[in-house]
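This is what each chain is made of:
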Amino acid sequence: DDKSRIDVSYANVEFRNFDCDDEAWPPDCFYTLFKIKKDCGSSRFVRYGDDAQKAVLNIISNMVEIQGKNYCVCRFEVQQWEWEAIMGSNPSKRKGPHKPVENVSWIDCRHFISVLNSFPEVGSAGLHFRLPSYDEWMFICFGTSDILTQLTESEKDLEKKGWLDFNSSNQTHNVGMRLPNSFGLFDMIGNVWEYTSDSSGFCRYVRGGSYTSDREWYGISTSPLPHDKFNDIGLRVFADKITMVPQ
């Protein structure tokens, strides 16, 4: 009811409540968004007292095009400050603005991406965000190199690339602190597991290992249920490149 929390006149604000009957919305959600009516006919959603646009633009600016593919990938796992700016709260157990968000379910991540795609800046950039498929994640992690060779790397080599149980001090770390892979992507190994869109029955595959994983675990997948939340699972966003139609 506190309309003064956003700097617009009441006549230009449309209050819109989203019901929670779709699986992409968490069961405990009730989000109120403000649709700002522009003179030019475009609109955007503004959240209560946030830096949502800054977070969205930061994500867009860190998208990396993958040669020969019609999608791009964020250099970093979604950071806690980005999630909080866009969603209004930070569910993570191991707090730190530049640490990867965790303690989020697959359903939560679907909701985050849905809200992210509502920003006109995303469409203007010719992008549509989503989770990766299992095969896409495997490709951007390992590329065309010998996977078995990478999975048998020494702890000394792995320490340069990611945060695993032997170098993490049992906590997540700021994104981008280890060496990137050949695509320029950080933390593909360790820090937090990353959700994919693929499933095994009701369970959803996650990949990459986390700060609690040993060197044998980071190369395999695990399958939490859609509503499960763990303090070592987060996400990295992919985006399809959309052909822009001239106005």
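Our structure is the block above this text.
Described below are features of the structure shown in this document. Source: prediction; values computed, not measured.

1. Things to note about the sheet that holds strand β8 (residues 203–207)
So, point 1. Taking strand neighbours across the sheet as the criterion, the 3 strands line up as β8-β7-β9 in an open arrangement whose pairing is mixed. Each end of this open sheet is capped by a strand with a single partner; those strands are β8 and β9 (233–234).
So, point 2. Examined bridge by bridge, strand β7 (residues 193–200) and β8 share 4 bridges and lie antiparallel to one another. Paired with Ser 200 across the two strands is Cys 203, which belongs to β8.

2. Points about the side chain of Glu 82
So, point 1. Assignment of secondary structure puts Glu 82 in helix α2 (residues 80–87).
So, point 2. Although Glu 82 is buried, it forms no salt bridge, and the closest oppositely charged side chain is Lys 54 at an N-O distance of 9.9 Å.
So, point 3. Among the polar contacts made by the side chain of Glu 82, one reaches the main-chain amide nitrogen of Gln 79 at a distance of 2.9 Å.
So, point 4. Discounting chain neighbours no more than four positions away, the residues touching Glu 82 are Ala 55, Asn 58, Ile 59, Glu 77 and Phe 112.

3. Here we look at the nonpolar core
So, point 1. If you look at the biggest cluster of nonpolar residues, it comprises 35 residues, and the most contacted ones within it are Met 63, Trp 83, Ile 86, Phe 112, Phe 129, Leu 235 and Val 237.
So, point 2. Put simply, the parts of the chain that give this core at least two residues each are α1 (52–61), β5 (71–74), α2, α3 (106–117), β6 (127–130) and β7.
So, point 3. Looking at this core element by element, the count peaks at 7 residues for α3.
So, point 4. The contact partners of Phe 129, leaving out residues within four places of it in the chain, are Ile 59, Ile 60, Met 63, Ile 113, Leu 116, Asn 117, Val 122, Val 237, Phe 238 and Ala 239.
So, point 5. Of all hydrophobic cores here, the second largest spans 12 residues; its members include Val 73, Cys 141, Phe 142 and Phe 238.

4. A short note on the pattern of salt bridges
So, point 1. Applying the stated rule across the entire model yields 5 salt bridges.
So, point 2. Where Glu 65 meets Lys 241, a salt bridge forms, and the shortest distance between an N and an O atom there is 3.3 Å. With Glu 65 in strand β4 (residues 63–65) and Lys 241 in strand β10 (residues 238–241), this pair connects stretches of sequence that are 176 residues apart.
So, point 3. Taking the relative accessible area as the measure of exposure, Lys 241 reaches 26% and is therefore partly exposed.
So, point 4. Note that Arg 130 and Glu 136 form a salt bridge whose closest N and O atoms lie 2.8 Å from each other.
So, point 5. Classification of Arg 130 as buried rests on a relative accessible area of 18%.
So, point 6. On the basis of relative accessibility, which here comes to 16%, the residue Glu 136 falls in the buried class.

5. Here we look at the packing of aromatic side chains
So, point 1. Using the criterion set out here, one finds 5 aromatic pairs in the structure.
So, point 2. With a centroid separation of 5.5 Å and 35 degrees between ring planes, the pair formed by Tyr 71 and Phe 238 is classed as tilted. Of this pair, Tyr 71 sits in strand β5 while Phe 238 sits in strand β10, placing them 167 residues apart in sequence.
So, point 3. With a relative accessible area of 0%, Phe 238 lands in the buried category.
So, point 4. Ring centres 5.5 Å apart and planes at 45 degrees place the aromatic pair Phe 139 and Phe 183 in the tilted group. A residue pair is termed long-range when its members are at least 10 positions apart, and Phe 139 in helix α5 (residues 134–142) and Phe 183 in the loop between α7 (155–161) and β7 qualify at 44 residues.
So, point 5. A relative accessible area of 22% places Phe 139 in the partly exposed class.
So, point 6. For Phe 183, a relative accessible area of 23% corresponds to the partly exposed category.
So, point 7. Just above the ring of Trp 81 sits the side chain of Lys 54; from NZ or CZ to the centre is 5.7 Å.
So, point 8. When the ring centre of Trp 106 is taken as reference, the NZ or CZ atom of Arg 204 above it lies at 3.8 Å.

Conventions we followed
- Residues numbered from 1 in each chain as written.
- Predicted model: local features only at pLDDT ≥ 70, side-chain atom pairs only at ≥ 80, totals over all residues.
- Heavy atoms only, no water.
- Pairing = 2+ DSSP bridges.
- Helix = DSSP H or I, 4+ residues; strand = E, 2+ residues; numbered from the N terminus.
- Buried < 20%, exposed > 50% of the residue type's maximum accessible area, 1.4 Å probe, protein only.
- Lys, Arg positive; Asp, Glu negative; His and termini not counted.
- Salt bridge = Lys/Arg side-chain N within 4 Å of Asp/Glu carboxyl O.
- Polar contact = N/O pair within 3.5 Å; in protein donor to acceptor, adjacent residues only side chain to side chain.
- Contact = heavy atoms within 4.5 Å.
- Core = buried A, V, L, I, M, F, W, Y, C linked by side-chain atoms within 4.5 Å.
- Phe/Tyr/Trp six-rings, centres within 6.5 Å; stacked < 30°, edge-to-face > 60°.
- Lys NZ or Arg CZ within 6 Å of the ring centre and 35° of its normal.

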